[in-house]
Amino acid sequence: MGKTVAAITTSLDGYYAGPDDGPGRGLGIGGERLHYWVFGGPWTYAAEPEGSATGADKDLLDAWMSSLGAVIGGRATYEAAGRWGDTNPWGIPFFILTHRLDEQPAAPDLSFVGSLDEALARAREAAGDRDVQIMGGGDVIRQALAAGQVDELYVTVAPLVLGGGKRLFDGFDQTLELEQVHAVQSGFATHLHYGVKK
């Protein structure tokens, strides 16, 4: 069995989305800057991003993609991203946590599931000996960390202070001990890689 890895990008002040995130503005007001590293530079909600990651950012994304067997995300992230146009952006099984199971996504390799336990079980089975990535939002990552289900945590920090929005560790009331594995800086972000001590 592979590892269970959680990964998310935050601002320097800990926000993974700016204010008023939602469809058409998936990372909130000012939040585009969080993902400059993913698209190789500036982009806006007004147009589809056309660039791609370069250098250390590309190396990280390539390493993730080569090891992944399944992905878990939250319904709010799915909706805020415009449901990725009813396609699967990952190309591997993607399990989306939701309380609304009565509707299922259009893409055949996307599945709505009702609990983190079910999502982890199904994702691990689908992934086999490859990794499962929990992509967020923050609530899904907090649940997985609180349940002791995360082996490694990647926090990418964008050089940005958002001043409001959704914070990764809001409401997290447990002590979490991490071991730094690696840190890489690029022109657009600093990628922090931790092992989660259990």
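Everything below is about the structure printed above this text.
Read on for an overview of the structure. Small disclaimer: the values here were computed from a predicted structure and weren't measured.

### A few points about the pattern of salt bridges
- Under the definition given, this model contains 12 salt bridges.
- The closest approach of N and O atoms between E79 and R75, which form a salt bridge, is 2.8 Å. Taken as a pair, E79 and R75 lie in helix 3 (residues 75–80) at a separation of four residues, close to a single helical turn.
- Taking the relative accessible area as the measure of exposure, R75 reaches 7% and is therefore buried.

### Observations concerning the sheet that holds strand 10 (residues 190–196)
- If you trace the eight strands from one edge of the open sheet to the other, you get 5-4-3-6-1-7-10-9, paired in mixed fashion. Two strands bound the open sheet, and with one partner strand each, they are strand 5 (110–113) and strand 9 (178–185). Pairwise comparison of adjacent strand axes, ignoring direction, gives a mean angle of 20° for this sheet.
- One ladder, built from six bridges, connects strand 7 (residues 152–158) with strand 10; its direction is antiparallel. Considered in strand 10, the bridge of V155 is made with L192.
- Its contacts with the sheet place helix 4 (residues 116–127) against strand 1 (4–11), strand 3 (68–74), strand 4 (94–97), strand 5 and strand 6 (131–136), and it is angled at close to 160° to strand 3.
- Set on the sheet, helix 5 (residues 138–146) makes contact with strand 1, strand 3, strand 4, strand 6, strand 7 and strand 10; between it and strand 6 the angle comes to about 130°.

### Observations concerning the nonpolar core
- Among the nonpolar cores identified, the biggest contains 29 residues, and I72, F95, I134, I141 and V150 are the most heavily contacted of them.
- Sort the elements by how many residues they give to this core and helix 4 lands first, with five residues.
- Non-local contacts of I141, meaning those with residues more than four positions away in its chain, are made with A6, A7, I8, I134, M135, G136, L153 and L168.

### Structural notes on the packing of aromatic side chains
- Enumeration according to the criterion identifies nine aromatic pairs in this entry.
- Aromatic pair W37 and W64: ring centres 6.3 Å apart, planes at 80°, arrangement edge-to-face. Highlighted residues: W37 in helix 1 (residues 36–39) and W64 in helix 2 (residues 55–67), separated in sequence by 27 residues.
- With a relative accessible area of 10%, W64 lands in the buried category.

### Observations concerning helix 5
- For helix 5, the full list of buried residues reads G138, V140, I141, R142, A144 and L145.
- Downstream of helix 5 by a residue or two, G148 has a phi angle that is positive, lying close to 70°.

Rules used throughout
Residues numbered from 1 in each chain as written. Predicted model: local features only at pLDDT ≥ 70, side-chain atom pairs only at ≥ 80, totals over all residues. Heavy atoms only, no water. Salt bridge = Lys/Arg side-chain N within 4 Å of Asp/Glu carboxyl O. Helix = DSSP H or I, 4+ residues; strand = E, 2+ residues; numbered from the N terminus. Buried < 20%, exposed > 50% of the residue type's maximum accessible area, 1.4 Å probe, protein only. Pairing = 2+ DSSP bridges. Axes fitted to C-alpha atoms, helices over the stretch in contact; angles between N-to-C directions. Contact = heavy atoms within 4.5 Å. Core = buried A, V, L, I, M, F, W, Y, C linked by side-chain atoms within 4.5 Å. Phe/Tyr/Trp six-rings, centres within 6.5 Å; stacked < 30°, edge-to-face > 60°.

Such coordinate-based values are descriptive only and should not be taken to indicate function.
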